[in-house]
Every structure is written in structure tokens, then in C-alpha cells.
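Tertiary structure, described
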Amino acid sequence: MVKAARTHTRFEKARIIGARALQISMGAPLFVTEDELRQHFSDELIQLYGVDEAKWRVVLDPNKIAMLEYEQDRIPIDVEPHNDGV
């Protein structure tokens with residue numbers, strides 16, 4: 001999707017993840033598959049549901065999904081760098 005031209009500040013990262021989580025919570029399509037979600041959050045799913053149910057359960061938390069998309073550079077959002085006095 002969008003590869004950042006530079007590393008984001010912690011504030012930019014929070015803004016991007018928050019905006020994407022809001023989009024996901026409103027029904028936007030995901031840029032990660034259900035299998036990727038199961039694989040990445042398998043330990044959490046096993047703790048919550050047990051080994052058998054974790055195989056078909058999926059993480060539904062928009063913040064976690066948005067963070068995973070951010071880590072994998074799949075969020076279609078970027079920020080313009082702020083130029084002071086230019």
C-alpha cells in the first residue's frame with residue numbers, strides 16, 4: 001500500500017492507526033487476511049477460546065487490526081511532513 005517516505009513520529013503513528021481503526025470499525029475492507037490475523041494473534045486466541053476454537057476464531061479489535069496493518073505497511077494512509085516557516 002503506502003510505504004512511508006520517512007519514519008513517523010509517535011504522534012503521527014498514533015494518528016494513522018487511530019484513523020485506520022475508525023475506518024475498520026465503520027466497515028472498511030481489511031488489508032490483512034483472516035489467516036494472517038489468526039497467525040499473528042494465535043496466542044491470544046488460544047488463551048481466550050482454547051486450542052480447538054482458536055483455529056476458526058478471528059481477532060475483531062479494530063485497533064489490533066490497524067496496528068498489524070501498520071506494521072506490515074498496508075495502511076493506505078500517510079501524513080505530509082510539517083515544514084516550519086517554509
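First things first, this report covers the structure right here in the doc. (Residues numbered from 1 in each chain as written. Predicted model: local features only at pLDDT ≥ 70, side-chain atom pairs only at ≥ 80, totals over all residues. Heavy atoms only, no water.)

Along the backbone of the chain there are five helices and zero strands. Moving toward the C terminus, one meets the helices and strands of the chain in the order α-α-α-α-α. Taking 2.2 N^0.38 as the reference for a compact globule, 86 residues should give roughly 12 Å; the C-alpha atoms of the chain span a radius of gyration of 15 Å, well beyond that estimate. For the chain, the spread of C-alpha atoms along the principal axes amounts to about 60 × 25 × 20 Å. With 86 residues in all, the chain has 23% of them scored as buried. By element, 54% of the accessible surface of the chain is carried by carbon and sulfur atoms, the whole surface being about 6,300 Å². Side-chain charges of the chain comprise 11 positive and 15 negative groups, with the mean position of each set lying 1 Å from the other. (Helix = DSSP H or I, 4+ residues; strand = E, 2+ residues; numbered from the N terminus. Rg over C-alpha atoms; globule rule 2.2 N^0.38 Å. Buried < 20%, exposed > 50% of the residue type's maximum accessible area, 1.4 Å probe, protein only. Areas by Shrake-Rupley, 256 points an atom, 1.4 Å probe, with all protein chains shown as cover. Lys, Arg positive; Asp, Glu negative; His and termini not counted. Charge placed at Lys NZ, Arg CZ, Asp CG, Glu CD.)

Taken as a class, soluble globular proteins show a tendency for nonpolar side chains to be buried jointly. By size, the foremost hydrophobic cluster in this structure holds 14 residues, and its most contacted members are Val32, Leu37, Phe41, Ile65, Ala66, Leu68 and Tyr70. Breaking this core down by element, the ones donating at least two residues are helix H1 (10-25) and helix H5 (62-71). Setting aside residues no more than four positions away along its own chain, Tyr70 makes contact with His8, Lys13, Ile16, Ile17 and Ile75. (Core = buried A, V, L, I, M, F, W, Y, C linked by side-chain atoms within 4.5 Å. Contact = heavy atoms within 4.5 Å.)

As a further point, take H5. Turning to H5, its buried residues are Ile65, Ala66, Leu68, Glu69 and Tyr70. Turning to H5, the residues buried within the fold contact H1 and helix H2 (34-40). Of the residues that open H5, the one with a side-chain oxygen 3.2 Å from the backbone nitrogen of Asn63 is Asp61. Asp73 sits one or two residues past H5 and shows a positive phi near 55 degrees. (Polar contact = N/O pair within 3.5 Å; in protein donor to acceptor, adjacent residues only side chain to side chain.)

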